[in-house]
Amino acid sequence: MVAPEGVEARTCVMTRGDTVWARVYYRNATGRELRSVLTLMGPGGRTVELHCAPAAHDEPDTCETPRVPSSGPPGSATAIAEFVGAGPVEEASLLLRAGSERAPDARS
């Protein structure tokens, strides 16, 4: 996904064995520092959040949540990344929200 302000992001859920984590690939071409929250959501309302700080440069980068034991069937977790401007939280506008898609045959 690409925002008009210059933020690009793609979010995915990664798995290896019984371990799951979220990853966001992003590029911050806004020319200013941003804040981002990457959230991994699993079955039963389980979540893992990580705050990322995308630097003010136009180079591709990644951010990952910690790896945690999977709590459901393969494909049952989703991820979302939200990018906002710097400054007071209540004044920062949402620039981009990028989410993963759940596998078509996954059940939560």
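For the structure itself, consult the block above.
Residues numbered from 1 in each chain as written. Predicted model: local features only at pLDDT ≥ 70, side-chain atom pairs only at ≥ 80, totals over all residues. Heavy atoms only, no water.

So, the overall build of the protein
Counting secondary structure elements, the protein contains zero helices and eight strands. Written out in order from the N terminus, the α and β elements of the protein read β-β-β-β-β-β-β-β. Computed over its C-alpha atoms, the radius of gyration of the protein comes to 14 Å, within 12% of the 13 Å expected for a compact globule of 108 residues. Going through the 108 residues of the protein one by one, you find that 37% of them count as buried. Residue pairs at least 24 apart in sequence account for 58% of intrachain contacts in the protein once pairs closer than 6 positions are excluded. Separation between the mean location of the 11 positive side-chain charges and that of the 14 negative ones in the protein comes to 7 Å. (Helix = DSSP H or I, 4+ residues; strand = E, 2+ residues; numbered from the N terminus. Rg over C-alpha atoms; globule rule 2.2 N^0.38 Å. Buried < 20%, exposed > 50% of the residue type's maximum accessible area, 1.4 Å probe, protein only. Contact = heavy atoms within 4.5 Å. Lys, Arg positive; Asp, Glu negative; His and termini not counted. Charge placed at Lys NZ, Arg CZ, Asp CG, Glu CD.)

Focus on the packing of aromatic side chains
Considering all chains together, one arrives at one aromatic pair under this definition. Measuring from centroid to centroid gives 5.8 Å for tyrosine 26 and phenylalanine 83, while their planes differ by 55°, and the two rings are tilted. With tyrosine 26 in strand E2 (residues 19-28) and phenylalanine 83 in strand E7 (residues 78-85), the pair connects residues that are 57 residues apart, well separated along the chain. In terms of burial, tyrosine 26 and phenylalanine 83 fall into one category: buried. In this structure, arginine 67 is placed above the aromatic ring of tryptophan 21, and the distance from its NZ or CZ to the ring centre is 3.7 Å. (Phe/Tyr/Trp six-rings, centres within 6.5 Å; stacked < 30°, edge-to-face > 60°. Lys NZ or Arg CZ within 6 Å of the ring centre and 35° of its normal.)

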